Amino acid sequence: MTLRADTPPATVDVRRFTTAQRWIHRTTAALMGLCVLTAACLYIPQLAEIVGRRALVVTLHQWSGLALPVPVLAGLASRAFRADLGRLNRFGPHDRTWLRAALRRDKRHAARPAAKFNAGQKLYAAWIAGATLVMLATGLMMWFTHLTPLLWRTSATFVHDWLALTIGIVLAGHIGMALADPESRRGMRTGKVSRAWADQEHPLWRP
């Protein structure tokens with residue numbers, strides 16, 4: 001039995017992300033990590049005592065938070081990045097099927113159809129984008145205290161602190177899932193994944 005000429009072998013790698021997309025992800029991850037680390041040093045007394053230099057930590061936290069949207073905004077110059085944003089922003093019937101299977105804890109690949117991004121990745125992207133904007137807005141209210149009334153600043157502090165805790169938990173889950181999938185990490189590290197992995201995890205994706 002011979003393979004058809006137009007049928008690519010399963011061992012062939014396919015491109016998942018461009019160099020620009022990978023650098024956008026890395027830069028955003030570094031800035032987010034700096035935000036989380038400095039926030040922990042500001043709010044956990046034991047870490048604050050170890051690190052010291054609170055003024056420097058506050059400055060790093062403020063400027064890393066302010067710079068957080070910059071990689072994504074710069075990435076809009078990339079056609080591939082804009083295309084992926086469009087994919088992340090669209091939900092189809094297969095995404096509802098994926099979510100129902102996830103809620104039932106059905107881990108069969110056939111029960112979780114996905115295109116380039118699955119429904120869980122789409123929900124995470126939407127949530128983290130919205131959370132980042134809220135954190136930026138509330139952080140600016142806390143930074144420039146003369147621009148808003150005291151009630152607004154108090155409310156902003158409450159939202160900022162509790163949302164920061166939620167972001168930390170969600171990011172831990174995101175990192176945990178990435179650690180559990182070496183091929184997915186390879187795709188973000190090198191830009192390529194195996195066709196067998198793509199066919200199994202993202203059967204509706206046509207790279």
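None of the values given here were measured: they were computed from a predicted structure. (Residues numbered from 1 in each chain as written. Predicted model: local features only at pLDDT ≥ 70, side-chain atom pairs only at ≥ 80, totals over all residues. Heavy atoms only, no water.)

## A short note on the overall build of the chain
Phase 1: Looking only at helices and strands, one finds 10 helices and 2 strands in the chain.
Phase 2: Taking the principal axes of its C-alpha atoms as reference, the chain extends roughly 75 × 35 × 35 Å.
Phase 3: A separation of at least 24 residues holds for 68% of the contacts in the chain among residues at least 6 apart in sequence.
Phase 4: Per element, the accessible surface of the chain, about 13,400 Å² overall, is 68% carbon and sulfur. (Helix = DSSP H or I, 4+ residues; strand = E, 2+ residues; numbered from the N terminus. Contact = heavy atoms within 4.5 Å. Areas by Shrake-Rupley, 256 points an atom, 1.4 Å probe, with all protein chains shown as cover.)

## Some thoughts on the layout of surface pockets
Phase 1: Space inside the second largest pocket adds up to approximately 800 Å³.
Phase 2: As for the second largest pocket, its lining consists of 32 residues, and the residues nearest its centre are A39, H61, M135, H160 and A164.
Phase 3: Elements with a minimum of two residues in the lining of the second largest pocket: helix 1 (19-43), helix 3 (54-67), helix 7 (119-143) and helix 8 (150-179).
Phase 4: When residues of the lining of the second largest pocket are assigned to their parent elements, the largest contribution, 8 residues, is made by helix 8.
Phase 5: Its residues assigned to classes, the lining of the second largest pocket comprises 20 nonpolar, 9 polar and 3 charged. (1 Å grid on protein atoms, 1.4 Å probe; cavity = no way out; pocket = protein on both sides within 12 Å on 5 of 7 lines; lining within 4 Å. Points joined across faces, edges and corners; volume = space filled by probe spheres on them. Nonpolar A, V, L, I, M, F, W, Y, C, P; charged D, E, K, R; others polar.)

## As for the packing of aromatic side chains
Phase 1: As enumerated under the stated definition, the model contains 4 aromatic pairs in all.
Phase 2: Between W143 and F144 the ring centres are 5.0 Å apart and the planes differ by 20°, which places this aromatic pair in the stacked class.
Phase 3: Considering the side-chain rings of F158 and W162, the 6.5 Å spacing of their centres and the 55° angle between planes classify their relative orientation as tilted. Of this pair, F158 and W162 both sit in helix 8, separated by 4 residues, roughly a single helical turn. Neither F158 nor W162 differs from the other in exposure class; each is exposed.
Phase 4: When the ring centre of W23 is taken as origin, the NZ or CZ atom of R26, which lies over that ring, is 5.1 Å away. (Phe/Tyr/Trp six-rings, centres within 6.5 Å; stacked < 30°, edge-to-face > 60°. Buried < 20%, exposed > 50% of the residue type's maximum accessible area, 1.4 Å probe, protein only. Lys NZ or Arg CZ within 6 Å of the ring centre and 35° of its normal.)

## Digging into the environment of L99
Phase 1: Relative to the assigned elements, L99 resides in helix 6 (residues 93-103).
Phase 2: L99 gets classed as partly exposed once you look at its relative accessible area, which sits at 26%.
Phase 3: Placed 12 residues apart in sequence, L99 and A111 show a C-alpha to C-alpha distance of 9.7 Å.
Phase 4: In this view, L99 contacts A119 and L123; residues no more than four positions away in its chain are not counted.

## What about the pattern of salt bridges?
Phase 1: Applying the stated rule across the entire model yields 7 salt bridges.
Phase 2: Linking R186 and E183 is a salt bridge whose minimum nitrogen-to-oxygen distance equals 2.9 Å. On the criterion of helical spacing, the pair formed by R186 and E183 is a turn pair, its members being 3 residues apart in helix 9 (residues 182-190).
Phase 3: Residue R186 is classed as partly exposed on the basis of its relative accessible area of 22%.
Phase 4: Take E183: its relative accessible area is 18%, and that puts it in the buried class. (Salt bridge = Lys/Arg side-chain N within 4 Å of Asp/Glu carboxyl O.)

## Some thoughts on the nonpolar core
Phase 1: Residues L31, M32, L68, I128, A131, M135, L163, I167 and L171 constitute the largest nonpolar core, which totals 9 residues.
Phase 2: At the level of secondary structure, the elements contributing two or more residues to this core comprise helix 1, helix 7 and helix 8.
Phase 3: Sequence-distant contacts of L31, defined by excluding residues within four places in its chain, comprise S64, A67, L68 and P71. (Core = buried A, V, L, I, M, F, W, Y, C linked by side-chain atoms within 4.5 Å.)

## Considerations on the packing of helix 1 against helix 9
Phase 1: One way to put it is that helix 1 packs onto helix 9 with a least axis distance of 8 Å and a crossing angle of 105°. What the angle tells us is that helix 1 and helix 9 run roughly perpendicular. Contact residues: R22, H25 and R26 in helix 1; G187, M188, R189 and T190 in helix 9.
Phase 2: Residue classes in the contact of helix 1 with helix 9 are distributed as 1 nonpolar, 3 polar and 3 charged. (Axes fitted to C-alpha atoms, helices over the stretch in contact; angles between N-to-C directions. Parallel < 35°, antiparallel > 145°, perpendicular 65-115°, else oblique.)

## Some thoughts on the packing of helix 1 against helix 3
Phase 1: Relative to each other, helix 1 and helix 3 sit at 150°, their axes nearing to 9 Å. Judged by the twist between their axes, the crossing of helix 1 over helix 3 is left-handed. Residues L31, L34, C35, T38, A39, C41 and L42 of helix 1 lie in contact with helix 3, whose contacting residues are R54, V57, V58, L60, H61, S64, G65 and A67.
Phase 2: Residues belonging to the contact of helix 1 with helix 3 are distributed by class as follows: 10 nonpolar, 4 polar and 1 charged. (Left-handed = near helix turned anticlockwise from the far one by under 90°.)

Note that every value here comes from positions in space, so none of it alone points to a role or purpose.
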